[in-house]
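Remarks on the overall topology
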Amino acid sequence: AAARDVMVPLLSQIPAPFPPACGAAGVQSVEADYAAALNAIPDGRAKTRGIEVGKAAAAAILALRAADGADTPLIDPGYPQGTHPGEYRFTPGTPFAFAPGWEDVTPFVLRDSSQFRPGPPYAVTSRKYTADFAEVKRLGGDDITTPSARSAEQTEIALFWVESSPLQWNRIARTVSADTQLDLWEQARLFGLLNMALADGYVGSFETKYVYNYWRPVTAIQTGDTDGNPDTTGDPTWTPLRPTPPNQDYASGHAIEGGAGAEVLKQFFGTDQMSFSMTSGPPFAGITRSFTSFSQAARESADSRVYAGIHFRSACEDGLVLGRKVGQRAYT
């Protein structure tokens, strides 16, 4: 009842660019699962009281978050683009900036969105930037327009982790909670901690992105001959393996989510060393990968963004660190 009464109104309010049919399909799925769950419980006072408590919990959290700022527009075609080397510009095929107001969403556990903000990204004339530039240019191409030095496994990793981070980390948690036979209370606590951390990871990510406003590899490489760095060579036709999301490079939201998710799971189970396998969902469903630790999965999720050609290495490394700090904060 708690899940149903939170999900149905929020799914009904999904904003653009998601089509109304997406929200309607979500509501239909929730209602079907809710009916099936209730049908499995015998009628009686326990069931009636359980529904009442669930509805009260949902009403309380919806009231608490009613003015949290999450109704901010998700698309801003008027966002000012940079003109100098290193400054963000719209990415190919997406003439807008995504969710520039998300940094102002009220966090669940962070003191504020900037609490764990990392230092600035590399200057485009630095040696470390040059190394990052060369790595993503060498590994991140689509192998159609742009040759790539990726191995077959690196390509598999890039595609495996394309799926939404919260979906994947919740699937990891479901897999491990089933393997360890957590009871319902333990599962509720685990998923509460995990999803607060994942939510705050995005708040911290967008704060960092819009503060530093750093360009994506596709922009950097295509304009590399005009960046003022004599050690970078541009390629106007360079095309990444995956389309570049419509927001800034630094820091990687995917890496932040991986760091946060892995840290919560490590803290909850009292160990990082946990073996599990997971199969990817859309858009590249059916890829199965196995891991021996939560941190290994987080590391691979961060690496995937370099292999996909959509993040510099420093955005992934600093994103992992930020995410771990968010996960620690959520758990404690």
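Nothing here was measured: the structure is a model prediction, and the numbers come from that model.

Focus on the overall build of the protein chain
The helix and strand inventory of the protein chain stands at 11 helices and 4 strands. Compactness check: the protein chain gives a C-alpha radius of gyration of 21 Å against a globular reference of 20 Å for 332 residues, within 12% of the reference. Counting only C-alpha atoms and orienting by the principal axes, one finds that the protein chain spans roughly 75 × 45 × 35 Å. The long-range share in the protein chain, meaning contacts at least 24 apart out of those at least 6 apart in sequence, stands at 75%. Total accessible area on the protein chain stands at roughly 15,500 Å², and carbon and sulfur atoms take up 58% of it. When the 28 positive and 36 negative side-chain charges of the protein chain are each reduced to one mean point, those points stand 3 Å apart.

Some words on the environment of Val306
By the element assignment, Val306 lies in helix α10 (residues 294-307). Residue Val306 is classed as buried on the basis of its relative accessible area, which comes to 0%. The spatial distance from the C-alpha of Val306 to the C-alpha of Leu241 is 9.8 Å, given a sequence separation of 65 residues. Leaving out residues up to four positions away in the same chain, Val306 has contacts with Glu135, Val136, Gly140, His311, Phe312, Arg313 and Cys316.

Describing the environment of Arg189
In this structure, Arg189 sits in helix α7 (residues 184-212). In this structure Arg189 touches Phe268 and Tyr331, once residues within four positions along its chain are discounted.

Quick word on the pairing of strand β3 (residues 276-279)
Where burial is concerned, the two faces of β3 differ: the one with Phe276 and Met278 is buried and the one with Ser277 and Thr279 is not. Of the pairings in the sheet, the one linking β3 to strand β4 (residues 288-291) comprises 4 bridges and is antiparallel in character. Note on β4: the bridge partner recorded for Phe276 is Phe291.

What to know about α7
Helix length check: α7, at 29 residues, gives a terminal C-alpha distance of 42 Å against a target of 42 Å (1.5 Å per residue), a fit within 8%. Measuring from the side-chain oxygen of the N-cap residue of α7 to the backbone nitrogen of Trp185 gives 3.2 Å; that N-cap residue is Asp183. A positive backbone phi angle near 55° is found at Asn213, which sits one or two residues after α7.

Thoughts on the nonpolar core
Judged by nonpolar contacts, the single largest core of 60 residues is most densely connected at Trp161, Trp169, Ile172, Phe269 and Phe294. By residue number, the principal contributor to this core is helix α9 (residues 253-269), which donates 8 residues. Apart from residues no more than four positions distant in its own chain, Phe269 is found in contact with Val176, Thr180, Leu182, Leu190, Met274 and Phe294. Of all hydrophobic cores here, the second largest spans 8 residues; its members include Tyr79, Ala99, Phe206 and Tyr210.

With respect to the packing of aromatic side chains
Counted according to the given criterion, the structure contains 18 aromatic pairs. Three or more aromatic residues joined by ring pairs form one cluster here, namely Phe160, Trp161, Trp169, Phe268, Phe269, Phe276, Phe291 and Phe294. In this structure, Arg65 packs its charged tip against the face of Phe108, placed 3.8 Å from the ring centre.

Looking at the pattern of salt bridges
Following the criterion strictly, the structure yields 19 salt bridges and no others. We note a salt bridge from Arg289 to Glu156, for which the minimum N-O separation is 2.5 Å. Separated by 133 residues along the polypeptide, Arg289 in strand β4 and Glu156 in helix α5 (residues 152-160) bring together distant segments of the chain. Assessed through its relative accessible area of 10%, Arg289 is described here as buried. Glu156 sits in the partly exposed class, given a relative accessible area of 31%. Measuring nitrogen to oxygen at the nearest pair gives 3.4 Å for the salt bridge that ties Arg313 to Glu317. In this pair, Arg313 and Glu317 both sit in helix α11 (residues 313-331), 4 residues apart, roughly one turn of the helix. Of the residues examined, Arg313 reaches a relative accessible area of 17% and is grouped as buried.

Side note on the packing of α5 against α10
Between α5 and α10, whose axes approach to 8 Å, the crossing angle comes to 105°. The orientation of α5 relative to α10 falls into the category roughly perpendicular. Each of Gln154, Ile157, Ala158 and Phe160 in α5 lies in contact with α10, whose residues at this interface are Glu300, Ser304 and Tyr307. Of the residues assigned to the contact of α5 with α10, the class counts are 4 nonpolar, 2 polar and 1 charged.

Concerning the packing of α7 against α9
At their nearest, the axes of α7 and α9 sit 9 Å apart, and the two run at 150° to each other. If you check the angle between α7 and α9, you find them roughly antiparallel. The handedness of the crossing between α7 and α9 comes out as right-handed. Counting all contacts with α7, which are made through Glu186, Arg189, Leu190, Leu193, Leu194, Ala197, Leu198, Gly201, Tyr202, Ser205 and Lys209, the residues of α9 involved are Gly253, Ile256, Glu257, Ala260, Gly261, Val264, Leu265, Phe268 and Phe269. Residues of the contact of α7 with α9, tallied by class, amount to 12 nonpolar, 4 polar and 4 charged.

A closer look at a nonpolar patch on the surface
A cluster of nonpolar residues, Ile61, Leu64 and Phe108, forms a patch on the protein surface that exposes about 290 Å² of accessible area. Turning to its location among the elements, Phe108 is positioned in the loop between β2 (97-98) and α4 (127-139). Classification of Phe108 as partly exposed rests on a relative accessible area of 37%.

Cut-offs used in this document
- Residues numbered from 1 in each chain as written.
- Predicted model: local features only at pLDDT ≥ 70, side-chain atom pairs only at ≥ 80, totals over all residues.
- Heavy atoms only, no water.
- Helix = DSSP H or I, 4+ residues; strand = E, 2+ residues; numbered from the N terminus.
- Rg over C-alpha atoms; globule rule 2.2 N^0.38 Å.
- Contact = heavy atoms within 4.5 Å.
- Areas by Shrake-Rupley, 256 points an atom, 1.4 Å probe, with all protein chains shown as cover.
- Lys, Arg positive; Asp, Glu negative; His and termini not counted.
- Charge placed at Lys NZ, Arg CZ, Asp CG, Glu CD.
- Buried < 20%, exposed > 50% of the residue type's maximum accessible area, 1.4 Å probe, protein only.
- Pairing = 2+ DSSP bridges.
- Expected span 1.5 Å × (residues − 1).
- Polar contact = N/O pair within 3.5 Å; in protein donor to acceptor, adjacent residues only side chain to side chain.
- Core = buried A, V, L, I, M, F, W, Y, C linked by side-chain atoms within 4.5 Å.
- Phe/Tyr/Trp six-rings, centres within 6.5 Å; stacked < 30°, edge-to-face > 60°.
- Lys NZ or Arg CZ within 6 Å of the ring centre and 35° of its normal.
- Salt bridge = Lys/Arg side-chain N within 4 Å of Asp/Glu carboxyl O.
- Axes fitted to C-alpha atoms, helices over the stretch in contact; angles between N-to-C directions.
- Parallel < 35°, antiparallel > 145°, perpendicular 65-115°, else oblique.
- Nonpolar A, V, L, I, M, F, W, Y, C, P; charged D, E, K, R; others polar.
- Left-handed = near helix turned anticlockwise from the far one by under 90°.
- Patch = residues over 30% accessible without salt bridge, like charges linked within 9 Å, V, L, I, M, F, W, Y side chains within 5 Å.

Honestly, it's all geometry; don't read function into it.
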